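For reference, the chains in residue letters:
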Amino acid sequence: MTRTMYISNAVEVITLEGHTDKPAIKEAMSEINVIKNGSVWIEDGKIAAVDTDENIRAKYHDRIHEAEYIDATGKIVTPGLVDPHTHLVHAGTRENEYAMRLKGKTYMEIMNSGGGIHATTRATQQASREELYEQSKNRLNQFLQHGVTTVEAKSGYGLTLESELKQLEVTEKLQKDHPIDLVSTFMGAHAVPLDEKDNPDKFVDRVINEMIPEVARRKLATFNDVFCERGVFTPEQSKRILEAGKEYGLIPKIHADEIEPYGGAELAAEVDAISAEHLLRASDEGIKKMAEAGVIGVLLPGTAFFLMAAYAEARKMIDAGVPIALSTDANPGSSPTISMPFIMNLGCLNMGMTPEEVLTATTINAAHAIGRADEIGSLEVGKKADVTIWKVPNYLTLSYQYGMNHVDTVIKAGEKLVVGGQLDEKLSLSYAAKA
Ligand code: NIG
Ligand code: FE
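Residues numbered from 1 in each chain as written. Chains lettered and ligands numbered in written order. Predicted model: local features only at pLDDT ≥ 70, side-chain atom pairs only at ≥ 80, totals over all residues. Heavy atoms only, no water.

Quick notes on the packing of helix 7 (residues 200-217) against helix 8 (residues 235-247)
Piece 1. For the pair helix 7 and helix 8, the least separation of the axes is 10 Å and the interaxial angle reads 5°. One finds that helix 7 runs roughly parallel with respect to helix 8. Where helix 7 abuts helix 8, its residues Pro-200, Asp-201, Val-204, Asp-205, Val-207, Ile-208 and Ile-212 lie against Gln-237, Arg-240, Ile-241, Ala-244 and Gly-245.
Piece 2. Looking at the contact of helix 7 with helix 8 residue by residue, the classes come out as seven nonpolar, two polar and three charged. (Axes fitted to C-alpha atoms, helices over the stretch in contact; angles between N-to-C directions. Helix = DSSP H or I, 4+ residues; strand = E, 2+ residues; numbered from the N terminus. Parallel < 35°, antiparallel > 145°, perpendicular 65-115°, else oblique. Contact = heavy atoms within 4.5 Å. Nonpolar A, V, L, I, M, F, W, Y, C, P; charged D, E, K, R; others polar.)

And the structure:
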């Protein structure tokens, strides 16, 4: 039986079409394509037509009765949002460190004295698969409620082969169980374990010789990421790790120039990374090289907000021709949020982006940053029917009002999972209930 759905008569349908082959850059980041009084026709989980309501009715008039009808009158429709950078699978929270930072301690001071990433690593190492699964699934449900239908998830709170595999296996299980599409990234080089602080190269060797081969053999990740930062991994170590991953088919990503300019953007271009993340302090030279090499800049304004740091220079990067995507960086230390709508606000208010650019950066360019633009990120015929319906009168309102959740309905591959802002009940089932 054909499953058919008819999303009818939205004030605006924002299609983001025409950027599937290459990420949008410069002026093209503003080409979001708005259909007034628009409708979407869905068949078998895919988009069959996107047009004005008048045209859709004319085209499907003899089949309207067979379709599940969703009235989008007074609302707007966008592609399901894509979050291309999260640390989804982890245990515990770090509100104690937040309180310390409010009193003047810095993020790196806390990390260097054994907290930070190390604190979450301890909690994650100690957590069972079931606990990690349950906590991560709840986060995914929250993502969904905030209009997100695809999420990238990094490991990197294990830092031993066994524990990294545990995180990646939880991601793999959630990939199977949860309707959100998950894209997995191995990030064994997230920090040098405390007991190996004096010999970081030995840890780098282990990442290269033990972890990467096993992660690749078991096909547990698509991407390989590294935290290239003074006091964590040097550009030389990062390069070794990313090149080693390439040998095993893992595509490079890189946490670059988050705290200080350190050659991360330049390295991303050199190793042909799909994306470089953070870039708060990227150099002009690095930005130029990224533009030349077509490396996507995944900017994480939630992290600048939460670390009370200077924001990445999105305006400069867009003008230089770097394709820009936006993400939450969801993690317990530097960005404890799952709200892509809030990231849109920050993109406009603190990074000089326009409402059109932030829409591109949270949909089609974000899909490119995780290699999925051929199937998601825009409302185009043949793509997955991942659709978010927002209870706002126009798309400007998405990045104008803040601190509110305007999501009305979320459709994932043609299935309604959020209705009237409420999550479908079956998504709250626990691990035990499913097993
Ligand atoms: O992207 N910078 C490195 N990694 C994460 C933060 C991880 C943490 O603090 O737990 C980030 O900001
Ligand atoms: Fe991150």
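Text resumes after the structure shown.
What about the pattern of salt bridges?
Piece 1. Using the criterion set out here, one finds 35 salt bridges in the structure.
Piece 2. Residues Lys-239 and Glu-270 are paired through a salt bridge, measuring 2.7 Å at the closest nitrogen-oxygen approach. Remark: Glu-270 occurs in helix 9 (residues 264-270) and Lys-239 occurs in helix 8; sequence separation between them is 31 residues.
Piece 3. Judged by its relative accessible area of 31%, Lys-239 falls in the partly exposed class.
Piece 4. In this structure, the salt-bridge partner of Glu-292 is Lys-288, at a minimum N-O distance of 3.9 Å. With a gap of four residues between them, Glu-292 and Lys-288 both fall in helix 10 (residues 284-293), about one helical turn apart.
Piece 5. Connected through salt bridges with shared partners, the residues Asp-181, Arg-372, Glu-375, Lys-384, Asp-386 and Lys-412 form a single ionic network. (Salt bridge = Lys/Arg side-chain N within 4 Å of Asp/Glu carboxyl O. Buried < 20%, exposed > 50% of the residue type's maximum accessible area, 1.4 Å probe, protein only.)

A word on the pairing of strand 7 (residues 148-154)
Piece 1. Of all the seven residues making up strand 7, seven are buried; the element is thus mostly covered by neighbouring parts of the structure.
Piece 2. When strand 6 (residues 81-83) meets strand 7, the two strands line up parallel, connected through three bridges. Note on strand 7: the bridge partner recorded for Leu-81 is Val-148.
Piece 3. Bridge analysis of strand 7 against strand 8 (residues 181-189) gives five bridges, and the strand direction is parallel. In the strand pairing of strand 8, Glu-152 is matched with Val-183. (Pairing = 2+ DSSP bridges.)

Examining helix 6 (residues 161-177)
Piece 1. When the terminal C-alpha atoms of helix 6 are compared, their 24 Å separation across 17 residues agrees well with the 24 Å that a helix rising 1.5 Å per residue should span.
Piece 2. If you check which residues of helix 6 are buried, you get Ser-163, Glu-164, Leu-165, Lys-166, Gln-167, Leu-168, Glu-169, Val-170, Thr-171 and Leu-174.
Piece 3. On the buried face of helix 6, the contacting elements are helix 4 (117-126), helix 5 (129-145), strand 7, strand 8 and helix 7. (Expected span 1.5 Å × (residues − 1).)

Brief notes about the coordination of the iron ion (ligand 2)
When a metal carries six donors in an octahedron, the ideal angles between them are 90 or 180 degrees, while four donors in a tetrahedron ideally lie at 109.5 degrees.
Piece 1. The protein atoms donating to the iron ion (ligand 2) are His-85 (NE2), His-87 (NE2), His-255 (NE2) and Asp-329 (OD), with metal-donor distances spanning 2.1 to 2.2 Å.
Piece 2. Positions of the donor residues of the iron ion (ligand 2) along the chain correspond to the pattern H-x1-H-x167-H-x73-D. With His-255 in strand 10 (residues 251-256) and Asp-329 in the loop between strand 13 (324-326) and helix 13 (340-351), the pair connects residues that are 74 residues apart, well separated along the chain. Exposure class is identical for His-255 and Asp-329. Each is buried. (Donors = N, O, S within 2.8 Å, 3.2 Å for Na, K, Ca; no water.)

Function-wise, these values are silent; they only describe arrangement.
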